[in-house]
Amino acid sequence: MKPREDYVDVFFRHLEQCAMSWTSQLFNSPYTSLVQASGTGKSRLLRELAIEKNVLVIYICLRGPESKGYPYRSDIANELTGKAYSEAHYLVFLGALFCKCSGFVNTQLQLHEKTLEKTCGRIFDILISDISDDMFNLQKSLWDNVRGEMKSRLSDTRGPQIEKIGNEVAVQYKKLIVTLRKLNKHSLKMLLAFDEARVLTENDNFCNLRRALQAVPDSGGFMALFTDTLSKVSNFSPANYHDPSSRISSEGEKLYKPFYLLDTLDCRMQKPPVVTVSTAMNQIRYMGRPIWADVADQAIIAFATEKILCDSMKAREIHETEHIVVIKKVTEALAILGPRLYLEISSLSQQAFELVSSHMRILRHVDQTRESLVTACPSEPVLAEAASHIMNRSGILVQVLGHLVSSIRNHIVVNAGDQGELVGRILCLLAIDKAIQSKPKVWNMYSQTITIQEFFDALVGRDSWKKLSSIFTIQANSVTLRDSKIRFNHFAYVEFTPTRLDLIEFFFRGAAVFCKRNQKGVDIIIPVAMVRDDETPITEENVTFISIQVRNREADGSTGDEEQQEGSKQSFKRQKMDNIFKQTARYIGIDDCRPFPLPYLGIYMSLGVTSEGIEYNNTLDIGVKTRTEAKDRMGHLSIYGFSKNVYACFNGADGDVIESLLHKLLISYVNPVEKENGILWGGHNASNEWIQQCKEIVKNMETLRYNQGEKEKRKRA
């Protein structure tokens, strides 16, 4: 795997600027941090830096001694971690390292004098090797020499001798820089990289190592780097006002910004010239993080499950046992739901840090205080597939939905869109997961296609095709709409209105569209391929869609500006036509086609109403063609209510509990004015008069929010 060259350059420029600006008068220490979620290619980016820029990268992995992860623990790690070490100890280490690196690099230059430009790449491969590699003896030889040099110096490291040791570090680095100038003409000559570095935060070792790094000469082309997923970015790059290592002195206080821009998603994917169902299924392992491509098919779901949960024992229980696995932590539940639902997590919550650190969530931005993280779950088919397997394990869905309810009420989850849209996405996943159960039980089973007929059967019941037969039986490319294919196991959020070409991309990734805020007419779009088999190319000529709009009103009025009165048949008819019109392709903005060339479907979910029922229509039957100025062929389904009476996906194991939990999601926003009991105002069974008085007070506490004219009318009455 090779990261995209522009991001290698961006990373290099960041390090080079840091190295050029290093001075103890301005900065606390010559180091920065590389922070991102697991599997994004942090270690490999260091290798590419060494290869492309011929920068000496001294790579040290501090992974725990019992860990079997890759990269492997470096041979020198025992001298840096495991117990409390002093600043003097780390000064001795740096002096010994610089001393022995000079000879080590010169030896490599002499052995490969005809390929000097590849020297640093070879050195990196030596330092990342393990005991089974032929190059490991070279790594061990270097670290044995460093240990020997450290041992000879450690006897004279107490009291005022620290200053002497620091001066020796500067002397040894200046000798090393003479050799490093042979390698490249860049301002950055050497990067000392500590991978899996969170262990240094124990026993104050990081603070002592950071102070030791201050001995490196100013503007000497050196930079240290601490790499990890991090439980808190502020461990390595804290804000000044709570930096545990700050001193009242003339030393600089500024810290270098952490680097987190790793553009490695999809870097292993080979986009086929023609998109088909088969090519899409074959590329699943190559989408998202580069780590998935190196895992065998039979092991990939178990591996991804362990990554999601950060718990190997629980992952084994899910895949190898029959008993119900307990999901105790909120972060575990959000890690399971996130890859499928696109949940937005509060940037200031502790859960945001933990999800990046231990549960595969991507870091998008770090603010200057290092206390606010903007995170995301981008479209990643393997993670979504693994999350689908977990959610469909007996008893787990109920648990994670319970945690989701509490997360929203505690402002951990901050949704893009209202709670109705979130419930709408969950209903779609429940339906497609239910339909998938009849398909072959393979590792990527939740990425398989199903027909529109199978989806509607799972969502609202088996009579749906009869009610929409005039649309379902329309053919295009010799394929009926009811037999057309959909495939999605997660939602991808977009900031634009997708076109038909975009819908092909979403189909290829196995994603449905979670539409942008204020998108006209639609909240969810499901791509549909009108193809006969898995080998037929999917193009603009055969891709269509299902649009879904979700409303969560107790009284489902018009989607227009005029307030509709409940019980008015005339207004309800206008409302129904308005709802259907606003889900047409032209109104939504999916291509400027008049009419849209293929049949398509619209679903209107009215979740908050008490009267339940399903209505089936199509644009040709009710005259929408007069408003669109064209004869769009859209089948429309209006679903009123929220229970198993209208949603067939609630008819199954734990259906009643899931329905109850989703209803709690719908009402998870607490409106203090509309509260119908006295809980908010004293915790007792209040009288109606008392409640009304409290409501008035609550309204008066927010000037201009509520209609004060109504208050004056009541007074005059």
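What you are looking at is a predicted structure, and each value in this text was computed from that prediction instead of being measured.

Caption draft 1: Structural context of the overall build of the protein. The helix and strand inventory of the protein stands at 26 helices and 17 strands. Pairs at least 24 apart in sequence give 71% of the contacts found in the protein among residues at least 6 apart. Roughly 31,200 Å² of accessible area belongs to the protein as shown, and the carbon and sulfur atoms make up 49% of that amount.

Caption draft 2: Highlighting the side chain of Ser38. As for its position among the elements, Ser38 is in the loop between β1 (31–35) and α2 (42–53). At a separation of 2.8 Å, a polar atom in the side chain of Ser38 contacts the side chain of Lys307. Those residues in contact with Ser38 that sit more than four places away from it in its chain are Thr229, Arg289, Lys307 and Met360.

Caption draft 3: Local environment of the nonpolar core. By size, the foremost hydrophobic cluster in this structure holds 127 residues, and its most contacted members are Leu404, Leu427, Phe455, Phe456, Tyr647 and Leu662. The element best represented in this core is helix α15 (residues 419–436), accounting for 11 residues. Look past the residues within four positions of Phe456 in its chain and what remains in contact with it is Gly461, Ser464, Leu468, Phe472, Ile546, Leu601, Ile603 and Leu637. Formed by 80 residues, the second largest nonpolar core is a distinct cluster that contains Val92, Leu200, Ala224 and Leu262.

Caption draft 4: Representation of the pairing of strand β2 (residues 56–61) within the structure. Burial analysis of β2 places six of its six residues in the buried class, the great majority of the element. The alternating pattern of β2 places Leu56, Ile58 and Ile60 on one face and Val57, Tyr59 and Cys61 on the opposite face, and all of these are buried. By the bridge criterion, six bridges tie β2 to strand β3 (residues 190–195) in an arrangement that is parallel. In the sheet register, Tyr59 faces β3, and the bridge partner there is Ala193.

Caption draft 5: The arrangement of helix α24 (residues 655–666) in detail. The terminal C-alpha atoms of α24 lie 17 Å apart, and with 12 residues this matches the ideal 16 Å at 1.5 Å per residue to within 8%. Of the residues making up α24, those classed as buried are Gly655, Ile658, Glu659, Leu661, Leu662, Leu665 and Leu666. Take α24 and look down its axis: the buried residues cluster within an arc of 165°, on one side only. Contacts from the buried residues of α24 go to α14 (396–409) and α15.

Caption draft 6: Structural view of the sheet that holds β2. Strand order across the open sheet formed by four strands is β1-β4-β3-β2, with parallel pairing between neighbours. In the strand order of this sheet, the two ends are held by β1 and β2, each with one partner. Strand-to-strand twist across the sheet, computed as the mean angle between neighbouring axes with direction ignored, equals 20°.

Caption draft 7: Geometry of the packing of helix α3 (residues 87–111) against helix α6 (residues 161–180). Orientation of α3 relative to α6, taken along the N-to-C sense of each, is 15°, at an axis distance of 9 Å. Taken together, the axes of α3 and α6 lie roughly parallel to each other. Seen along the crossing, α3 lies across α6 with a hand that is left-handed. Here the residues of the contact of α3 with α6 sort into 14 nonpolar, six polar and two charged.

Caption draft 8: Region of the structure containing the packing of aromatic side chains. Evaluated as defined, the whole model comprises 25 aromatic pairs. Aromatic ring contacts, followed pair by pair, group Phe455, Phe456, Phe472, Phe488 and Phe491 into a single cluster. Over the face of the ring belonging to Tyr286 we find Arg285, whose NZ or CZ atom lies 5.3 Å from the ring centre. Its end group placed over the ring of Phe514, Arg425 keeps NZ or CZ at 3.9 Å from the ring centre.

Caption draft 9: Structural context of the confidence of the model for the protein. For the protein, mean pLDDT is 84; residues scoring 70 or higher make up 83% of the total. Least confident of the elements in the protein is helix α23 (residues 625–628), whose mean pLDDT is 45; most confident is strand β10 (residues 485–486), at 98. Low pLDDT (under 50) marks residues 240–244, which in the prediction has 11 contacts with non-local residues, meaning those over four places away or in another chain. Of the regions scoring below 50 in pLDDT, residues 246–250 engages in four contacts with residues more than four places distant in sequence or in other chains.

Caption draft 10: Structural detail: unusual backbone geometry. One non-glycine residue, Asp266, lies in the positive phi region at around 70°. One non-glycine residue, Asp654, adopts positive backbone phi at about 65°. For Asp654, the position within the fold is in the loop between β17 (634–640) and α24. Relative accessible area serves as the criterion here: at 38%, Asp654 is assigned to the partly exposed category.

Caption draft 11: Highlighting α6. The end-to-end C-alpha distance of α6, which contains 20 residues, comes to 29 Å, matching closely the 28 Å that a straight helix rising 1.5 Å per residue would cover. Inspection of α6 places Ile165, Gly166, Val169, Ala170, Gln172, Tyr173, Leu176, Ile177, Thr179 and Leu180 among the buried residues, and these make up the whole buried set. Buried residues in α6 make contact with β2, α3, α5 (136–153), β3 and β4 (222–228).

Caption draft 12: Spatial organisation of the state of the cysteines. The full count for this structure, using the stated rule, is zero disulfides. Distance from the sulfur of Cys428, which forms no disulfide, to the nearest cysteine sulfur (Cys649) is 8.7 Å.

Caption draft 13: Structural view of the pairing of strand β13 (residues 524–529). In terms of burial, β13 is largely enclosed, as six of its six residues are buried. Neither face of β13 is open: one carries Ile524, Ile526 and Val528, the other Ile525, Pro527 and Ala529, and all of them are buried. When strand β12 (residues 511–514) meets β13, the two strands line up antiparallel, connected through two bridges. Opposite Val513, over in β13, you have Ile525 as the bridge partner. In terms of strand pairing, β13 meets strand β14 (residues 543–551) through six bridges, oriented antiparallel. If you follow Ile526 over to β14, its bridge partner there is Ile546.

Calculation criteria
- Residues numbered from 1 in each chain as written.
- Predicted model: local features only at pLDDT ≥ 70, side-chain atom pairs only at ≥ 80, totals over all residues.
- Heavy atoms only, no water.
- Helix = DSSP H or I, 4+ residues; strand = E, 2+ residues; numbered from the N terminus.
- Contact = heavy atoms within 4.5 Å.
- Areas by Shrake-Rupley, 256 points an atom, 1.4 Å probe, with all protein chains shown as cover.
- Polar contact = N/O pair within 3.5 Å; in protein donor to acceptor, adjacent residues only side chain to side chain.
- Core = buried A, V, L, I, M, F, W, Y, C linked by side-chain atoms within 4.5 Å.
- Buried < 20%, exposed > 50% of the residue type's maximum accessible area, 1.4 Å probe, protein only.
- Pairing = 2+ DSSP bridges.
- Expected span 1.5 Å × (residues − 1).
- Arc of directions from axis to C-beta.
- Axes fitted to C-alpha atoms, helices over the stretch in contact; angles between N-to-C directions.
- Parallel < 35°, antiparallel > 145°, perpendicular 65-115°, else oblique.
- Left-handed = near helix turned anticlockwise from the far one by under 90°.
- Nonpolar A, V, L, I, M, F, W, Y, C, P; charged D, E, K, R; others polar.
- Phe/Tyr/Trp six-rings, centres within 6.5 Å; stacked < 30°, edge-to-face > 60°.
- Lys NZ or Arg CZ within 6 Å of the ring centre and 35° of its normal.
- pLDDT = per-residue confidence, 0-100.
- Disulfide = S-S within 2.5 Å.

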